[in-house]
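Each chain, written out:
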Amino acid sequence: MTVAGDGGGIATLGRVPAVGWAGTPMTTLGEAGDALPGGGGDDSNTIGQRPPLAHAALPRLHQSQQATEVQSHAESRRHRALDQPDHRRTEVFEADDQSVIDLLYWEDVKKTGTLFGAIILTLFSLTQFSSISVLAYLALSALSLTISLRLYTSVLHLLYKTQEVHPFQSYLDLDICFSQEQLRKYSEATVLYLTSSVDHLRRLILVEDLLDSLKFGVLLWLLTYIGALFNGLTVTILVVVGVFIVPLIYRKHKAQINQYLGLLRGQIKDLTAKIQAKLPGSRPKVE
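In this text the structure is predicted, and so the values were computed from the model without any measurement.

*Asks:* Quick one: what's the story with the overall build of the protein, residue by residue and with numbers?
*Replies:* For the protein, the count of helices and strands is 9 helices and 4 strands. Ordered by position from N to C terminus, the α and β elements of the protein give β-β-β-β-α-α-α-α-α-α-α-α-α. When burial is assessed residue by residue, the protein has 10% of its 287 residues classed as buried. Sequence-distant contacts in the protein: of pairs separated by 6 or more residues, those separated by 24 or more amount to 43%. Entry remark: accessible area of the protein is about 23500 Å², with carbon and sulfur atoms responsible for 65%.

*Asks:* Lay out the nonpolar core with the relevant residues and their values.
*Replies:* Counting residues in each nonpolar core, the largest one holds 7 residues, listed as Trp 106, Phe 116, Ile 120, Leu 123, Ile 237, Val 240 and Phe 244. Leave out the neighbours within four places in its chain, and Trp 106 touches Thr 112, Gly 113, Phe 116, Phe 244 and Leu 248.

*Asks:* Account for helix α6 (residues 180-205), naming residues and giving values.
*Replies:* If you check α6, its first and last C-alpha atoms are 37 Å apart, about what 26 residues at 1.5 Å a residue would give, namely 38 Å. Where α6 ends, the next residue or the one after it, Val 207, has phi of about 55°, a positive value.

*Asks:* Please set out the pattern of salt bridges residue by residue, giving values where relevant.
*Replies:* Following the criterion strictly, the structure yields 7 salt bridges and no others. One salt bridge connects Asp 199 with Arg 203, and the closest N-O pair in it is separated by 3.7 Å. With Asp 199 and Arg 203 both in helix α6, this residue pair falls 4 residues apart, about one helical turn. The residue Asp 212 makes a salt bridge to Lys 215 at a minimum N-O spacing of 3.6 Å. One end of the pair is Asp 212 and the other is Lys 215, both in helix α7 (residues 210-229) and 3 residues apart, which spans about a single turn. Given the relative accessible area of 43%, Lys 215 is considered partly exposed. Counted as one network, the salt bridges with shared partners bring together Asp 199, Arg 202, Arg 203 and Glu 208.

*Asks:* Give me α7: which residues, what numbers.
*Replies:* Compared with an ideal rise of 1.5 Å per residue, which puts 20 residues at 28 Å, α7 spans 29 Å between its outermost C-alpha atoms and is within 8% of the ideal. Turning to α7, its buried residues number three or more, namely Leu 211, Asp 212 and Ser 213. Against α6 and α9 (254-278) lie the buried residues of α7. Taking the backbone nitrogen of Leu 211 as reference, a side-chain oxygen 3.2 Å away marks Asp 209 as the first, capping residue of α7.

*Asks:* Explain unusual backbone geometry to me, and be specific about the residues and the numbers.
*Replies:* One non-glycine residue, Trp 106, adopts positive backbone phi at about 55°. Phi at Val 207 is positive, roughly 55°, even though this residue is not glycine. Note on placement: Val 207 falls in the loop between α6 and α7.

*Asks:* Describe a nonpolar patch on the surface, listing the residues and the values that go with them.
*Replies:* Among the surface-exposed residues, Leu 219, Leu 220, Leu 223, Ile 226, Leu 229, Phe 230, Val 235, Leu 238, Val 239 and Val 243 lie close enough to one another that they form a single nonpolar patch of about 870 Å² accessible area. Of all the elements in the fold, those that place two or more residues in the nonpolar patch are α7 and α8 (232-252). For the nonpolar patch, the leading source of residues is α7, giving 5 residues. Structurally, Leu 219 can be placed in helix α7. A relative accessible area of 45% places Leu 219 in the partly exposed class.

*Asks:* Tell me what's going on with the packing of aromatic side chains, and back it up with residues and numbers.
*Replies:* Overall, the coordinates contain 3 aromatic pairs when judged by the stated rule. One aromatic cluster is present, built from ring pairs that chain together Trp 106, Phe 116 and Phe 244. Over the ring of Tyr 105 we find Arg 251; its NZ or CZ atom is 4.1 Å from the centre of that ring.

*Asks:* Describe in detail the packing of helix α3 (residues 109-128) against α8, supporting the description with residues and values.
*Replies:* Taken N-terminus to C-terminus, the directions of α3 and α8 make an angle of 170°; their axes are 10 Å apart at the nearest point. On the basis of the axis angle, α3 is roughly antiparallel to α8. Contacts between α3 and α8 pair Thr 112, Leu 115, Phe 116, Ile 119, Ile 120, Leu 123, Phe 124, Leu 126 and Thr 127 from the former with Leu 233, Thr 236, Ile 237, Val 240, Val 241 and Phe 244 from the latter. A class-by-class count of the residues in the contact of α3 with α8 yields 12 nonpolar, 3 polar and no charged.

Calculation rules
- Residues numbered from 1 in each chain as written.
- Predicted model: local features only at pLDDT ≥ 70, side-chain atom pairs only at ≥ 80, totals over all residues.
- Heavy atoms only, no water.
- Helix = DSSP H or I, 4+ residues; strand = E, 2+ residues; numbered from the N terminus.
- Buried < 20%, exposed > 50% of the residue type's maximum accessible area, 1.4 Å probe, protein only.
- Contact = heavy atoms within 4.5 Å.
- Areas by Shrake-Rupley, 256 points an atom, 1.4 Å probe, with all protein chains shown as cover.
- Core = buried A, V, L, I, M, F, W, Y, C linked by side-chain atoms within 4.5 Å.
- Expected span 1.5 Å × (residues − 1).
- Salt bridge = Lys/Arg side-chain N within 4 Å of Asp/Glu carboxyl O.
- Polar contact = N/O pair within 3.5 Å; in protein donor to acceptor, adjacent residues only side chain to side chain.
- Patch = residues over 30% accessible without salt bridge, like charges linked within 9 Å, V, L, I, M, F, W, Y side chains within 5 Å.
- Phe/Tyr/Trp six-rings, centres within 6.5 Å; stacked < 30°, edge-to-face > 60°.
- Lys NZ or Arg CZ within 6 Å of the ring centre and 35° of its normal.
- Axes fitted to C-alpha atoms, helices over the stretch in contact; angles between N-to-C directions.
- Parallel < 35°, antiparallel > 145°, perpendicular 65-115°, else oblique.
- Nonpolar A, V, L, I, M, F, W, Y, C, P; charged D, E, K, R; others polar.

And the structure:
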């Protein structure tokens, strides 16, 4: 593409200097073509040749790769940041499990005694009153205690002009939410336990193994006598007492208890093997 000059000659458009609004020289179209990748490099007077496709795509491909690497790095950092609270909550939950074990072993006598006394008192109250009355009185007692402490701290603040501190602020700040990992873990454990229990009960009732079904029948027969002697609340009280007392006794006399349990287990195993050998349709268990 050419234009006519002042002297009648023909000049290419790439050699005509462009002038800006303020008289500042601008880059000619030919120079702009030289600045492009693949443009210029010869004495051609064209505006600018189209660069080859491969050479033009390489810088863009390199930039896209860099952007992908940056994005993947940011995603990995974000996932690590999101996983950190779950790990912390898992550690907290494991610490809670350890605290339950310490509670059953009476590591803190004051805490365990308070919990044990409250549970036993509630169960004995249920034997005398309805569950609605017991729950209402327990809620009223707890509410009266918390309101009294709250008013006490407020009065101390007014009298001594000190900074008011909420007596239950530490409990209000506790995070009681479960993470997705904890929900998945305990839901899977619950479903597995229920499925295993139903499967075991099905095998006992449908007599997959005759000896196991007979033992289950004997257990049910003994439960009829227990039901005639005790009601459900009495059995629950006995279970609670056993949960808080048996671990402590076992820790103090662990060696003697394990010795007697081993002898009893061996005798039961021998007796079971003899009965199983005489029963028709029974099959030995694979250990």
